[in-house]
Structure formats: C-alpha cells, structure tokens
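The lines below spell out each chain.
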4 protein chains.
Amino acid sequence: MVRRGRHAGAWKNVVLTQDEQFALKRRALLRQAARAFSEKGYHDTSLTDVAKALGVTKSALYYYVDDKQEILFECHKLSHDFGDQAIEYAEKHGRNGREKISLLVRTYLELLTSELGACAVLLEFNALTPANRKIIGRRRDTFEHYFRKLVQTGIADGSLRKVDPKLTVFFFMGAVNWLTRWFDPSGEHSGEHIAKEFAGLLDAAIRSR
Amino acid sequence: MVRRGRHAGAWKNVVLTQDEQFALKRRALLRQAARAFSEKGYHDTSLTDVAKALGVTKSALYYYVDDKQEILFECHKLSHDFGDQAIEYAEKHGRNGREKISLLVRTYLELLTSELGACAVLLEFNALTPANRKIIGRRRDTFEHYFRKLVQTGIADGSLRKVDPKLTVFFFMGAVNWLTRWFDPSGEHSGEHIAKEFAGLLDAAIRSR
Amino acid sequence: MVRRGRHAGAWKNVVLTQDEQFALKRRALLRQAARAFSEKGYHDTSLTDVAKALGVTKSALYYYVDDKQEILFECHKLSHDFGDQAIEYAEKHGRNGREKISLLVRTYLELLTSELGACAVLLEFNALTPANRKIIGRRRDTFEHYFRKLVQTGIADGSLRKVDPKLTVFFFMGAVNWLTRWFDPSGEHSGEHIAKEFAGLLDAAIRSR
Amino acid sequence: MVRRGRHAGAWKNVVLTQDEQFALKRRALLRQAARAFSEKGYHDTSLTDVAKALGVTKSALYYYVDDKQEILFECHKLSHDFGDQAIEYAEKHGRNGREKISLLVRTYLELLTSELGACAVLLEFNALTPANRKIIGRRRDTFEHYFRKLVQTGIADGSLRKVDPKLTVFFFMGAVNWLTRWFDPSGEHSGEHIAKEFAGLLDAAIRSR
DNA sequence: AATGAATGAGGGTTCATTCAT
DNA sequence: TATGAATGAACCCTCATTCAT
C-alpha cells in the first residue's frame, strides 16, 4: 500500500499533517501486529486480535494495509533494515574480523530489542508468500553471507579460531531469533545488557585463543 | 487418548499384537505430524496434510488421537524425554560443570537430530492449550533450571568463566530451537557433526580461560 | 435525492448556476455508473470504481446520490424514457402495425446506442430493490404490453404474419438487452447501422409474406 | 475438483454407488446454483443461499466443489456441451445453410430449456476468472464462428438472404441468453414450443424470399 | 480400522455507508 | 463540496471435529 502525495499544509510544525498521522497509525499497526506475530505466530494471530488491541475494527486496518501478508512482509523488511544498518556500522568501525562481528552482533541486537515487535518476526519466514519469501530470502541470504564472510575474514586474519562459518552463523541466528520469543522490554534485562552479553558469548565462542 | 484393554491374542511372538500395531501407527502419526509442525508450524499444518502423508484419511487419525492438540502435546513430551535422557547421561558421566554441560548439549542434540521432527516442535510452545502449556512449561522450566544450575556449578568449580546463567541458557536454547528450521537429515552436515560443533561453540563461549 | 431550492443567482446567463452544475455532475455520475454496470454488472461494480473514473472520492458521490441503488434506479428510468420517446415517435409516424414496430425498434435502438450505458442496465433488473423493482417493472410491462399490442395490431391489419406476440417481444427484447454486452460505440458497427440491421431482421421475421 | 476412482461394488444395479450419489448431488448443486445465477447474477448469489436451498450447510458445498468459481465454470462448460451437441446434430441432418441453422437453433434451445439452470448462465461470462474466461471464450467463439459460417453458407447456397452474419448471430444469441431470465419450466410455454417459435422467427428473419 | 459426508466456528477481505472536518 | 477515516454486514473459504457406516 503506497500513500499518495499531499500538500504540506500550514501549521506544519505545530500539528501533525495527515500524512504524518497516517504514517504514525500505520507504524502502530505494524508494531502491534509484529508483537502478536512473535508471541503467537502469524497464523494464530487474527486481525481481529490486532484490531482490538488497537481499539479499532478489523476493517479499519485495511485502510492502512492491503493484506495481512503485507504486514508480515513489512515487518521482515524492517528487521532487515536493522541488519543493514548493523552491517554498515560494523564495516566502518571494526578493524578485523573479530571486532567487526562483535560490533555487528551488538548493534543488531540493540536495534532489534529497541524496537522489538517491529522485527521479531524472523521466525515466521515460512508464512511469507512465495513471492515475498523470495525477496526476503534474498536479503536474509545477503545478511548471512556477509556474516559468514566475516567469520572467514576473522579466521584468515587470525582474530578468530577455526570454526565452521556456516554452522556458527546458524548457531548465532538461532539465539537471535529465539530472543523474540522471550524478550520483554520491560523485563529484568535491558536490551543493551542482552546485546552485550550475547556479543560476549559469541566472541568467546569463536575468538582465537 | 488412552488405549482400552485388549486380550493378548495368540501368535504373540510371531505377529504383532493389536496393541503393538496401534502403538506403531500412533508413533508414525506423531512423527509425521511433528515433521510437518517444525517445517510449517502448528497452525499452518492441516490434519489433511498429515493424513495424506501417511496414506490415510483425516478421519482415520482420530482413531489414534483425540485432538490435534494432543499431537502437539505428545510431541512436546517426547522432546522433553530427550532432555531428561540427556540430563541423566550428563549427570552420570560429567565430572564438573563444564564437562556436564558439554555432555548434556551433545547428547541432547544427537537425540534431537536423530529423531528430528518428533521434537522439533519446541518452537510451537504457544500453540499449546493453556492447560498443556502449564504442564510442558513446567518440564521446560525444569530443564532450563537444571541447565542454569549446571552453569552455576561450573562457575563455582572454576571450570566456567563468570557468565550470566540465565542468558547463557537462552542463548543456547535459541540455537537449538532454530536448528529445527534448517536442519536437514539428508543434508550436508550430519546430526553428530552439528552436535559436536555446537557443543564446541558453547564450550568455548563459557569455559574459563 | 431531491435538490433543495436555491436562489437563482446573478450571472445567470454567463456562468452555470449551482443547480445546473449539480445536475451536470449528477448526470455524469449516472452515465459513468451505468457504463460500468453494463460492462461488469451492478454488484461487481464498486462505487470506488465509479468515483475513480470520475476523479473524485467515493464519499463525494453521496453528495449527488443517496444510494448505490438510487443510481441503478435512475438508470432504469432513463432507459425507459427512451422507450417512451420511441413509442411516441412510432405512434406518430407509423401507418400500420408493421411500420410502427419498425419505427419503434429503430428509434429505440438509436437512442440506446447513442447514450449507451445510461440504459444498458436493463440486464440488471434483478438488482433493483423490491420497491424499485415494482416501479420499473410496471414501466417495463407497459412498454412490452404496448409492443405486444403493436404486434397484434399488425396481425389484425394484415401487415404481419401470425406470430405469438408475447414470444416475439421476448425474442426481440433479448436481442436488445444483449446488445449492451457487446456494443462498442467506437467499434466496427455504428449505432445507426445496428439499429437498421436489427429492425430489418425483426421486420423480416414477422411481416406477412 | 476431480473424483478419485472407486471399486464398483456389488448390488451394482440395485443401489446407487457412492460415486453415483456423489455425482448426483454434485449435479443438483450445479443446477441449483445455476438457477440462482441466472435469476440474480453470479455476484449476488451467495453460497449460503444455494446451500440453504439444498438443505445443507455452506461448508458442505465445498465437499463437491473447490470454489464458487468452479460452479460457474462448470455451468458454462455444460451449456457449451449443449452447443456442441446441437452443432453435431445440425451438421448431420441439415441439407443447406438454412436447414442447418433451423436445426441448430431448435436443438440448442430444446436442450437448454430442458435442463435450464444448468446452462442459463451465459449472461455471467464476465464473472469468470481470466483463466476460465479464456477457455470458455474460446468455446463461445467457436460456437459463434460456426454459426456465422452457417449463415455465410446459407447465403452462398441461396437458402438465406444477404444479411450481416455477425450481427445476425448477435441478434439471435441475445434472444437465447435473455431466455434464461424469463423462461419458467413450469410456465405457460413449454421449452419445445419456445424452441420451435424462436427457430421460426429466426428462419423467417433470414431466409431468402 | 477406516471412510465419506457434513457441520460450525472462525478468519481474511470487500464494500456500501456514515460522519466529522 | 469533497475528503479521510472508520464501521459493520456479508461473503468466501478453511479446517478441526463428528458420526453413521
């Protein structure tokens, strides 16, 4: 669903424009849905539930979204945007494989936990439409491929011990995806804390002695 | 579903008794369902799918099972049986926290991958009925609690470095549950190989330097 | 929907009064809707479609019309106005049953094809509200009754052979209504051509030898 | 929806086999739906209506049919089967263009009216899926093309006067399709009577003087 | 021991309609 | 005059479940 253009309007800085309102509400919808998806899974989350949680009718959702599928797709895209950001950051500030991985992992986890829900749908890859699965699959492959490459780099530059890059990435991605099932923003551990701890565990797991 | 009594029947040692037949078929049903559940998720797996894969009608399944829910419940129980076995083994052969954890992890993963599907349903915890969720939840807590305890033991006996036991367990459990989404018995890596590799990664992550 | 009074306003001869504007736009709306109805049917034509074709929002339509039903009703009335005109013309210029029928048919078809869409809704009689169906039904009966009468007259005055008046009228009305599904104003055959051809076919079908 | 094979079973001649039962019920469903379609149109006929008329639940229909669309499609196919039969018959027994057309028209109408409902959906061509529309469209074109050809033949062999073949076919097809909106099997005129009368009208309309 | 047939609840989606602005 | 936003009814369809055979 794409929003049509709209003239800027006066009061620009005081009140929200209609477009901003729209975007805000849409964002809220995605967030709420994503939360439900990661709690109960895509298929077990009814739009009625989502709507009720937002205080509107099911039909109202369709003003902001074409499809239930679009919601899932959008969520996946969002979470991959985080991945891209994390990669960019790691690439810029890390000096060897090991450092880059640590930065990548930590940034990624911080972003994810900061806006959890909007992204915690990684588990629901199979619920994507074949067409969408292709798109998201490509991005996931890119991410994992980059991750693996980093492991290889680290091994090559001596900062990491000789682990299996593929299994290592799976190992870590599991931990991340699982996060979405138990992480509670208002819980005992802050997102930053978890990010740091997980990064530490992974680092210890693969660094060269 | 509990089986009613049935006279033992002659030919006992030659042919399978009816009860054995029943048990065999039921087991096959559970396995097949579990496989489907871990591939596509509980709610996206229809009983028709399962039945077709077994070569029978949907209705036939109800002879072996009361409910779709019962299947899921049973699968969860099975996978926890593996956990219990792994614990028992680790407890018997490990000499300190670190060793026990390694044994636990490795045994658990080997069991899981050997009969994947029967257990790959860990991801579908939320699809359980509240009542069943309570039961399985208790077993899960027991398992994780024991796991955490092991970490604490290891830290105490100096075999492990000072990590957060709770997060560590979550970290690892994520990797395990995720396994069910990508592991392919006929794929590149054998179950044993993965078990060993994962155990190695975890060990490196938490052992004292 | 009836328009409330409105003062005539100055500039009367220069600009369109508000009432004229209103009428113009309403007419455009009816025409556009009718076109869509005859192409896709009443129930498969959404007001959004109609609105989009007119360059406004769905809501805007409700300023000119009370109901979707009102549109259909109005269209039916329009098409019957054409029938009435054709009758009047035929009655004035035809000298016997056969001539009158030929004139009726030809005039009717020329009017219909000239403003096709505004009338091509004959097929959607069943989509009318019971109340409206009664009203339109009466007019339709009047038309068909007059038509049948003409056939009887023609038989009586010897200009037509002895055909079944009722079936003859049905026969021809079918051809007319079907027209709305294939006639293309910008197509191969002009409305006049079709009117002439169809009139010719009917005439040959029923004239006395 | 295709039915799987089934062994013949004893009592073959006494009781209906399951397959026959199935076919019978399916046929009834199609007939009932077709009746509703031609009365109210495809989009305004809800499966609930159809089911209620058959005394079952909406869901039950899905045991016999994959889709609402499949019903429509099947009806169209049925009616074209009648067209094919009529063509075959006309081709065999007619000796020139005029005779063949008369036979075609009469046979076709008799078949249609005998099982009206099962076929009276010609009007709902636009409600077909693009894919199905292609298939049915091809058959319709074939039929109309053959019909036109017959007109040309008749003109060539001198049995028909020089009419426009295309418009003539449209003219007649309109009458036929319209039939489905007013024909009542238990009404004043029998199917045979109508078939004969319509065939007579068309014949008079186009025969050479 | 298994099947065919049917049910009912629930889910996603569309759309005419309303109303405040 | 016209729009954005929301609603509720209706619809198609799926699926776990039941029951007679």
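Residues numbered from 1 in each chain as written. Chains lettered and ligands numbered in written order. Predicted model: local features only at pLDDT ≥ 70, side-chain atom pairs only at ≥ 80, totals over all residues. Heavy atoms only, no water.

Q: Tell me about the overall build of chain A, and name the residues and values.
A: A count of helical and extended segments in chain A gives 8 helices and 0 strands. What you see in chain A, going N to C, is helices and strands ordered as α-α-α-α-α-α-α-α. The buried share among the 209 residues of chain A stands at 50%. Counted over contacts in chain A with a minimum sequence separation of 6, partners at least 24 positions apart contribute 70%. Summed over its atoms, the accessible surface of chain A is roughly 10,300 Å², and 51% of this surface lies on carbon and sulfur atoms. (Helix = DSSP H or I, 4+ residues; strand = E, 2+ residues; numbered from the N terminus. Buried < 20%, exposed > 50% of the residue type's maximum accessible area, 1.4 Å probe, protein only. Contact = heavy atoms within 4.5 Å. Areas by Shrake-Rupley, 256 points an atom, 1.4 Å probe, with all protein chains shown as cover.)

Q: So, the side chain of C:Asp164: which residues are in play, and what are the values?
A: Structurally, C:Asp164 can be placed in the loop between helix H6 (130–156) and helix H7 (165–182). Despite being buried, C:Asp164 has no salt bridge partner; C:Arg148 is the closest side chain of opposite charge, sitting 7.4 Å away. A distance of 3.2 Å separates a polar atom in the side chain of C:Asp164 from the backbone nitrogen of C:Leu167. Setting aside chain neighbours within four positions, we find C:Asp164 in contact with D:His189, D:His193 and D:Glu197. (Lys, Arg positive; Asp, Glu negative; His and termini not counted. Salt bridge = Lys/Arg side-chain N within 4 Å of Asp/Glu carboxyl O. Polar contact = N/O pair within 3.5 Å; in protein donor to acceptor, adjacent residues only side chain to side chain.)

Q: Can you lay out the relation of the copies chain A and chain B for me, pointing to particular residues and giving the numbers?
A: Expressed as a screw transformation, the operator carrying chain A onto chain B has a rotation angle of 178 degrees and an axial translation of 0.1 Å, and the superposed copies differ by an RMSD of 0.4 Å. A rotation of that kind, with that shift, is consistent with a two-fold axis. Ranked by how close their C-alpha atoms come to the rotation axis, the residues of chain A are headed by A:Ala205, at 1.7 Å. Of the interface residues in chain A, 97% have counterparts in chain B that sit at the interface too, so the contact is made through matching surfaces. (Least-squares fit on C-alpha atoms with pLDDT ≥ 70 in both.)

Q: Please set out the interface of chain A and chain B residue by residue, giving values where relevant.
A: Between chain A and chain B, the residue contacts involve 37 residues of the former and 37 residues of the latter. Note on chain A versus chain B: buried area summed over both sides is about 3,200 Å², and carbon and sulfur give 64% of it. The largest contributions to the chain A side of the interface with chain B come from A:Leu167, A:Phe171 and A:Trp178, which together make up 24% of the buried area. At the junction of chain A with chain B, the criterion picks out 2 salt bridges. Residue B:Lys166 is joined to A:Glu188 by a salt bridge in which the shortest nitrogen-to-oxygen separation is 2.8 Å. Scanning the region where chain A abuts chain B turns up 8 residue pairs in polar contact (both at pLDDT 80 or more). Put simply, the parts of the chain that give the side of chain A that touches chain B at least two residues each are helix H1 (18–40), helix H7 (165–182) and helix H8 (191–206) of chain A. Taken together, the residues that form the side of chain A that touches chain B break down as 18 nonpolar, 8 polar and 11 charged. (Buried area = accessible area lost by both parts, 1.4 Å probe. Nonpolar A, V, L, I, M, F, W, Y, C, P; charged D, E, K, R; others polar.)

Q: Which residues make up the protein's contact with DNA strand E, and what values go with them?
A: Lining the immediate surroundings of DNA strand E are 35 residues, of which B:Thr57, B:Tyr64, D:Thr57, D:Tyr63 and D:Tyr64 lie closest. Taking all atoms of DNA strand E within 4 Å of the protein, the share assigned to sugar and phosphate is 64%. A distance of 2.4 Å is found between a phosphate oxygen of DNA strand E and a side-chain nitrogen or oxygen belonging to B:Thr57. Looking at the surface near DNA strand E, the elements that each hand over two or more residues are helix H3 (58–61) of chain A, helix H3 (58–61) of chain B, helix H3 (58–61) of chain C together with helix H1 (18–40) and helix H3 (58–61) of chain D. Broken down by element, the residue count for the surface near DNA strand E peaks at 3 residues, all from H1(D). (Near = heavy atom within 4 Å.)

Q: How would you sum up the relation of the copies chain D and chain C? Please name residues and give values.
A: Laying chain D over chain C is done by rotating through 178 degrees and shifting 0.1 Å along the axis; what remains is an RMSD of 0.4 Å. Here 97% of the contact residues of chain D are again contact residues in chain C; the copies associate through an equivalent surface.

Q: So what's going on with the domain arrangement of chain A? Residues and values would help.
A: Partitioning chain A into structural domains gives domain 1 (10–61) and domain 2 (73–206). A straight line from the C-alpha centre of domain 1 of chain A to that of domain 2 of chain A covers 26 Å. (Domains from an automatic or database assignment.)

Q: Would you mind going over the pattern of salt bridges in detail, with residue names and values included?
A: Note on pairing: side chains with opposite charge can pair once their charged atoms come close. Residues and elements named next belong to chain A. All told, the structure shown has 49 salt bridges over all chains when counted by the stated rule. In this structure, Glu 74 and Lys 77 form a salt bridge, with 3.7 Å as the shortest nitrogen-oxygen distance. Taken together, the positions of Glu 74 and Lys 77, both in helix H4 (residues 68–93) and 3 residues apart, correspond to about one turn of that helix. A relative accessible area of 19% places Glu 74 in the buried class. Relative accessible area serves as the criterion here: at 28%, Lys 77 is assigned to the partly exposed category. The partner of Glu 124 in a salt bridge is Arg 181, with the nearest N and O atoms 3.9 Å apart. One end of the pair, Glu 124, is in the loop between helix H5 (97–114) and helix H6 (130–156); the other, Arg 181, is in helix H7, and 57 residues separate them in sequence. Taking relative accessible area as the criterion, Glu 124 reaches 12% and is therefore assigned buried. Counted as one network, the salt bridges with shared partners bring together Arg 26, Glu 70, Glu 74 and Lys 77.

Q: So what's going on with the protein's contact with DNA strand F? Which residues, and what values?
A: Taken together, 36 residues form the shell around DNA strand F, and within it A:Thr57, A:Tyr63, A:Tyr64, C:Thr57 and C:Tyr64 come nearest. Of everything in DNA strand F that lies within 4 Å of the protein, sugar and phosphate atoms constitute 65%. The contact in question runs from a base oxygen of DNA strand F to an N or O atom on the side chain of A:Ser59, over 2.7 Å. At the level of elements, H1 and H3 of chain A, H3 of chain B, helix H1 (18–40) and H3 of chain C together with H3 of chain D are the ones that each hand at least two residues to the surface near DNA strand F. When residues in the surface near DNA strand F are grouped by element, the largest group, 3 residues, is from H1(A). When its residues are assigned to classes, the surface near DNA strand F shows 13 nonpolar, 12 polar and 11 charged.

Q: Describe the nonpolar core, with residues and values.
A: Residues A:Phe147 and B:Phe147 are the most contacted members of the largest nonpolar core, which totals 77 residues. Dropping the residues within four chain positions of it, B:Phe147 is found in contact with B:Ile101, B:Leu104, B:Val105, B:Val169, B:Phe172 and B:Leu202. C:Phe198, C:Ala199, D:Ala195 and D:Leu202 belong to the second-largest nonpolar core, a separate cluster that totals 76 residues. (Core = buried A, V, L, I, M, F, W, Y, C linked by side-chain atoms within 4.5 Å.)

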